[in-house]
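Below are the chains, spelled out letter by letter.
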Amino acid sequence: MPPFNPRYYQSSISHWGFPVSVELFLVLPDLGGSKVEALRSLCVEGVRASVLVSYTVLRWKPGMMPRLSSLRGEGCLGRVMLDSGAYHLMRLGERVDPGEYAEFARSAKELWDIVVAPDAPGKPGETLERTLEFASSYSGSFMPVLQGEDEEGYARLLRSFEREGLTDRAPRASEGRPVIGIGGLDGERKRVGYVSRLLKRLPEEYSYHLFGVGIRVLRGLRRRGLLGRVYSVDSSGWLAEIWFRRRTVYGASGVVEANLAAMRAYIGKAQAAVG
């Protein structure tokens, strides 16, 4: 892995661009003091990390909100993506009301750069219904998310989004292409072969955010010449850097140092993956 270079990270990953710039959002399952200090230290090193936070987590842990606001006010973050927490619906039985989610997104709109529409993992029909309900309550730009039983199912849902005018509400990449999310990339679908087939099946006039993919997928898409179709990704993979490497690799003496080392290492691996 090449040495960590904050300037290279900013120019190669965190700028919106085409064909090979991919923005990395670090998923924050919480925002305790150690993560806040790690993000501040990373900023001092020259890197303002972009992060993804979930509505369901923010609802469970309201103490995250003032910390997130402080980091934004200090200029210590790149961009913030607000996700509905769709996978909590599937895994924990949590329910997200699209109207209540829209109200929450509006109430703290200064904290978010991108708001993600509520989807339903593996259920394209329900995803369309939930996105339409959200769109009727939320007036700003938002990212629609595709779900499908197979590659053709994803493409069908995108056509439905187009018919309903939902793609017109999507954020834009720097060259003007709408940015559409791709969800449901779990299990076998998280493999680079599946993601590659899916991207080839979807229209080229869009850029795509891939939910929950890791560095291996970025590396594989680059080899296949498909990285230019990807606008951004989010990953919780950096957390594994803490769990498995805190003492064996980093020699971290404390939790703050472990978080900083994990963020730094994961960003370094991502910059290597995109070349």
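These numbers were taken from a predicted model, which means no experiment stands behind them. (Residues numbered from 1 in each chain as written. Predicted model: local features only at pLDDT ≥ 70, side-chain atom pairs only at ≥ 80, totals over all residues. Heavy atoms only, no water.)

**Quick notes on the nonpolar core**
No. 1: Trp112, Leu146, Ile182, Leu210 and Leu221 are the most contacted members of the largest nonpolar core, which has 92 residues in total.
No. 2: Sort the elements by how many residues they give to this core and helix 12 (residues 255-274) lands first, with 9 residues. (Core = buried A, V, L, I, M, F, W, Y, C linked by side-chain atoms within 4.5 Å. Buried < 20%, exposed > 50% of the residue type's maximum accessible area, 1.4 Å probe, protein only. Helix = DSSP H or I, 4+ residues; strand = E, 2+ residues; numbered from the N terminus.)

**Remarks on the side chain of Thr127**
No. 1: The residue Thr127 is located in helix 7 (residues 124-137) in this model.
No. 2: Its relative accessible area of 0% is what places Thr127 among the buried residues.
No. 3: Looking at Thr127, its side chain comes within polar contact range of the main-chain oxygen of Lys123, at 2.9 Å.
No. 4: Contact partners of Thr127, with chain neighbours within four places excluded, come to Pro118, Asp119, Ala120, Val145, Gln147, Leu157 and Phe161. (Polar contact = N/O pair within 3.5 Å; in protein donor to acceptor, adjacent residues only side chain to side chain. Contact = heavy atoms within 4.5 Å.)

**Section: the packing of helix 9 (residues 192-201) against helix 10 (residues 215-223)**
No. 1: Two elements in contact, helix 9 and helix 10, have axes whose closest approach is 9 Å; the angle formed by their N-to-C orientations is 55 degrees. Taken together, the axis directions place helix 9 and helix 10 in an arrangement best described as oblique. Both helix 9 and helix 10 take part in a crossing whose hand is right-handed. Within the contact between the two elements, helix 9 uses Val192, Val195, Ser196 and Leu199 and helix 10 uses Val217, Gly220 and Leu221.
No. 2: Counted by class, the contact of helix 9 with helix 10 contains 5 nonpolar, 2 polar and no charged residues. (Axes fitted to C-alpha atoms, helices over the stretch in contact; angles between N-to-C directions. Parallel < 35°, antiparallel > 145°, perpendicular 65-115°, else oblique. Left-handed = near helix turned anticlockwise from the far one by under 90°. Nonpolar A, V, L, I, M, F, W, Y, C, P; charged D, E, K, R; others polar.)

**Here's the deal with the pattern of salt bridges**
No. 1: All chains considered together, the criterion is met by 14 salt bridges.
No. 2: Between Glu152 and Arg201 there is a salt bridge whose closest N-O contact spans 2.2 Å. With Glu152 in helix 8 (residues 151-163) and Arg201 in helix 9, this pair connects stretches of sequence that are 49 residues apart.
No. 3: The partner of Glu188 in a salt bridge is Arg191, and the shortest N-O contact between them spans 2.9 Å. Across this residue pair, the class does not change: Glu188 and Arg191 are exposed.
No. 4: The network of salt bridges with common partners includes Glu37, Arg40 and Glu74. (Salt bridge = Lys/Arg side-chain N within 4 Å of Asp/Glu carboxyl O.)

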